[in-house]
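Take a look at the letters that make up each chain.
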Amino acid sequence: LSAGLCADCVHARQLPHPRGGPAYWLCGRAGVDPRFPKFPRLPVAECRGYEHDVPRTTPPLSVP
């Protein structure tokens, strides 16, 4: 099952299922904003709190 937007959102974390089933996705925004579900129904196609997580493959540029 695809996680949709949660798969690359800075606020989402994947948690293993305690009995070996499919993983859960935890929304970090739910801890500070009750409008967001703690464990959203997957796949998430729309989310007003979504922020794309940009993986760092190179160090950030420094300004001289």
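Structure first, text after, so check above.
Here the structure is a predicted model, which means the values were calculated and not measured.

Now for the pattern of salt bridges. Two side chains of opposite charge can pair, provided their charged atoms sit close to one another. One pass over the structure, following the stated rule, counts 2 salt bridges. The shortest N-O distance in the salt bridge between R29 and E51 comes to 2.6 Å. In this pair, R29 is assigned in the segment after β2 (24-27) and E51 in the segment after β2, connecting sequence segments 22 residues apart. Judged by its relative accessible area of 37%, E51 is partly exposed. Between D33 and R35 there is a salt bridge whose closest N-O contact spans 2.6 Å. The class of R35 is exposed, set by a relative accessible area of 57%.

As a further point, take unusual backbone geometry. The step from L42 to P43 runs through a cis peptide bond, and the omega angle for that step is -5°. Within the secondary structure, P43 is located in the segment after β2.

Scoring rules and cut-offs
- Residues numbered from 1 in each chain as written.
- Predicted model: local features only at pLDDT ≥ 70, side-chain atom pairs only at ≥ 80, totals over all residues.
- Heavy atoms only, no water.
- Salt bridge = Lys/Arg side-chain N within 4 Å of Asp/Glu carboxyl O.
- Helix = DSSP H or I, 4+ residues; strand = E, 2+ residues; numbered from the N terminus.
- Buried < 20%, exposed > 50% of the residue type's maximum accessible area, 1.4 Å probe, protein only.

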